[in-house]
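Summary of the model geometry
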Amino acid sequence: MTDDTQEEGWATAKTLAEALPYIQIYDRETVVIKYGGHAMGDDAVAKLFAADTVLLKMLGVHPVVVHGGGPQISAMLNKAGVKSTFVDGLRVTDAATMEVAEMVLSGAINKEIANWITLAGAEADVRGVGLSGKDARLITVQKAVRTRKDPETGVVQDVDLGFVGEPSRIDQKLIEALIYAEEDYIPVIAPIGVSEDGETYNVNADTVAGALAGALRAKRMILLTDVQGVLDKDGQLVRQMSVQEARDAIASGVATGGMIPKLETAIAAAEAGVEAVVIMDGRRPHALLVELFTEHGAGTLICA
């Protein structure tokens, strides 16, 4: 039998055939995708991401997109002359910052991603639906609490993060109605939540993705960011780690800054029943497809 894989078209056919076992694994399964702020910086890559989510839907997967927007919020705050401070990767959010965050996340970014998905899926009538956690009380939150040890006295002190929340309850019925509808909808969710008394809170997008993945009983959660994945103390990529190893990375200080909430949400999602969580570089074109539909995978895979 001749090898025609170098001829035009045959290599694509071979790739599709090799993807069949993986397509069957994810058939009618929910995959929650956290689309990070830095990964959204390039419009061309962002539009490829939108097309890839449409492809997932056409292949029988139920993608749910949760987006960030940290760099975009920072840019808007810088224009206004407001300096941001962070604690363990979480932005300290006063009332003015909260107003800007909601405008950027629920407004500009959310609707842009939903529109790109709708444009990419126009031929097959796949549509992006932009939501925030305030819609239908999708995400109820409580005020986030953090502590910090004073390096001089050793005294543990509370840190007030302002209007930063953590999910206390997820009402996933609206999302399930969209992903299981006869029409092909892809939910796109901004990480804004509401407290029991109706106050608006900014929520770390990784945390939202993890909470949603658990509530939706997702098969996989993918955190698309601007780094390869989790790096060890020597700066080398860790291909796979257990929940306990993820905890150890946080406790030992190997994981720092924004990687801490990513690992925390991976741990929470795995313990909530998500089969595996992947932290990977979302700036590379078709990163989603490489992770889900090839034997190679990408980034760091975390499982119980």
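Refer to the structure printed above.
Let me sum up the structure you'll find in this document. (Residues numbered from 1 in each chain as written. Predicted model: local features only at pLDDT ≥ 70, side-chain atom pairs only at ≥ 80, totals over all residues. Heavy atoms only, no water.)

A short note on the overall build of the protein chain
A count of helices and strands for the protein chain gives nine helices and 16 strands. By the compact-globule yardstick of 19 Å for 304 residues, the protein chain fits well, its C-alpha radius of gyration being 20 Å. When the backbone C-alpha atoms are referred to their principal axes, the protein chain occupies close to 75 × 40 × 35 Å. Partitioning the contacts of the protein chain with sequence separation of at least 6, the portion at a separation of at least 24 is 74%. With the model as given, the accessible surface of the protein chain reaches about 14,900 Å², and the carbon-plus-sulfur share is 52%. Positive and negative side-chain charges of the protein chain, numbering 27 and 43 respectively, have mean locations separated by a distance of 4 Å. (Helix = DSSP H or I, 4+ residues; strand = E, 2+ residues; numbered from the N terminus. Rg over C-alpha atoms; globule rule 2.2 N^0.38 Å. Contact = heavy atoms within 4.5 Å. Areas by Shrake-Rupley, 256 points an atom, 1.4 Å probe, with all protein chains shown as cover. Lys, Arg positive; Asp, Glu negative; His and termini not counted. Charge placed at Lys NZ, Arg CZ, Asp CG, Glu CD.)

Observations concerning the sheet that holds strand β13 (residues 220-225)
Spatial strand order, β5-β10-β2-β1-β13-β15-β16-β14: eight strands in an open sheet with mixed pairing. Each edge of the sheet is formed by a strand with only one pairing partner; in this case those strands are β5 (126-132) and β14 (240-242). For this sheet, the mean inter-axis angle between neighbouring strands, taken without regard to orientation, is 20°. Sheet topology places strand β1 (residues 30-35) next to β13; five bridges connect them, and they run parallel. Bridging from a neighbouring strand, isoleucine 33 pairs with isoleucine 222 of β13. Helix α4 (residues 95-120) contacts β1, β2 (62-67), β5 and β10 (184-190) of the sheet and is inclined by roughly 170° relative to β5. (Pairing = 2+ DSSP bridges. Axes fitted to C-alpha atoms, helices over the stretch in contact; angles between N-to-C directions.)

Concerning the nonpolar core
Among the nonpolar cores identified, the biggest contains 43 residues, and Tyr35, Leu56, Leu224 and Phe293 are the most heavily contacted of them. By residue number, the principal contributor to this core is α4, which donates 10 residues. Once you skip the residues sitting within four places of it in the chain, tyrosine 35 turns out to touch Met40, Val45, Ala46, Phe49, Val65, Val66, His67, Gly68, Ile113 and Leu224. (Core = buried A, V, L, I, M, F, W, Y, C linked by side-chain atoms within 4.5 Å. Buried < 20%, exposed > 50% of the residue type's maximum accessible area, 1.4 Å probe, protein only.)

With respect to the pattern of salt bridges
This structure, assessed with the given rule, holds 17 salt bridges. Of the charged contacts in the structure, one is a salt bridge between arginine 127 and aspartate 125, with a shortest N-O distance of 3.0 Å. Here glutamate 291 and arginine 220 are joined by a salt bridge, their closest N and O atoms 3.0 Å apart. Note that glutamate 291 is positioned in helix α9 (residues 287-293) and arginine 220 in strand β13, a separation of 71 residues in sequence. Summarising the burial analysis for this pair, glutamate 291 and arginine 220 share the class buried. Each of the salt bridges in this network shares a partner with another, and the network as a whole consists of Lys34, Asp206 and Lys262. (Salt bridge = Lys/Arg side-chain N within 4 Å of Asp/Glu carboxyl O.)

Thoughts on the sheet that holds strand β9 (residues 164-170)
Strand order in the closed barrel formed by four strands is β6-β9-β12-β11, with mixed pairing between adjacent strands. Here the strands of the sheet are splayed against their neighbours by 60° on average, with no regard to which way each runs. The pairing of strand β6 (residues 139-143) with β9 spans five bridges and is classified as antiparallel. Paired with isoleucine 139 across the strands is isoleucine 170, a residue of β9. With respect to the sheet, α4 is in contact with β11 (192-195) and β12 (200-203), its orientation differing from that of β12 by roughly 65°. The strands touched by helix α6 (residues 205-215) are β6, β9 and β12; relative to β9, the strand with the most contacts, the crossing angle is about 5°.

Some details on the pairing of β10
Counting buried positions along β10 gives six out of seven residues, so the element sits mostly inside the fold. Where β5 meets β10, seven bridges bridge the pair, whose relative direction is parallel. Within the sheet, the bridge partner assigned to serine 132 lies in β10 and is alanine 190.

What to know about the packing of aromatic side chains
The full count for this structure, using the stated rule, is three aromatic pairs. Note on tyrosine 35 and phenylalanine 49: the rings are 3.9 Å apart at their centroids and 15° apart in plane angle, and the pair reads as stacked. Of this pair, tyrosine 35 sits in strand β1 while phenylalanine 49 is found in helix α2 (residues 43-58), placing the two residues 14 residues apart along the sequence. Of the two residues examined, tyrosine 35 and phenylalanine 49, each falls in the buried class. (Phe/Tyr/Trp six-rings, centres within 6.5 Å; stacked < 30°, edge-to-face > 60°.)

Quick look at the packing of helix α3 (residues 70-79) against α4
Between α3 and α4, the least distance of the axes is 10 Å, while the angle of their chain directions is 130°. In this view, α3 runs oblique relative to α4, as classed from their interaxial angle. Read as a crossing pair, α3 and α4 show a hand that is right-handed. Taking contact as the criterion, the partners of Gln72, Ile73, Met76 and Leu77 in α3 are, on α4, Thr97, Val100, Ala101, Met103, Val104, Leu105 and Ile109. (Parallel < 35°, antiparallel > 145°, perpendicular 65-115°, else oblique. Left-handed = near helix turned anticlockwise from the far one by under 90°.)

A look at the side chain of aspartate 52
With respect to the helices, strands and loops of the structure, aspartate 52 is situated in helix α2. Lacking a salt bridge, the buried aspartate 52 has arginine 284 as its closest oppositely charged neighbour, with an N-O distance of 11 Å. Looking at aspartate 52, its side chain comes within polar contact range of the side chain of histidine 286, at 3.1 Å. Residue contacts for aspartate 52: discarding those within four places in its chain leaves His286, Leu288 and Leu289. (Polar contact = N/O pair within 3.5 Å; in protein donor to acceptor, adjacent residues only side chain to side chain.)

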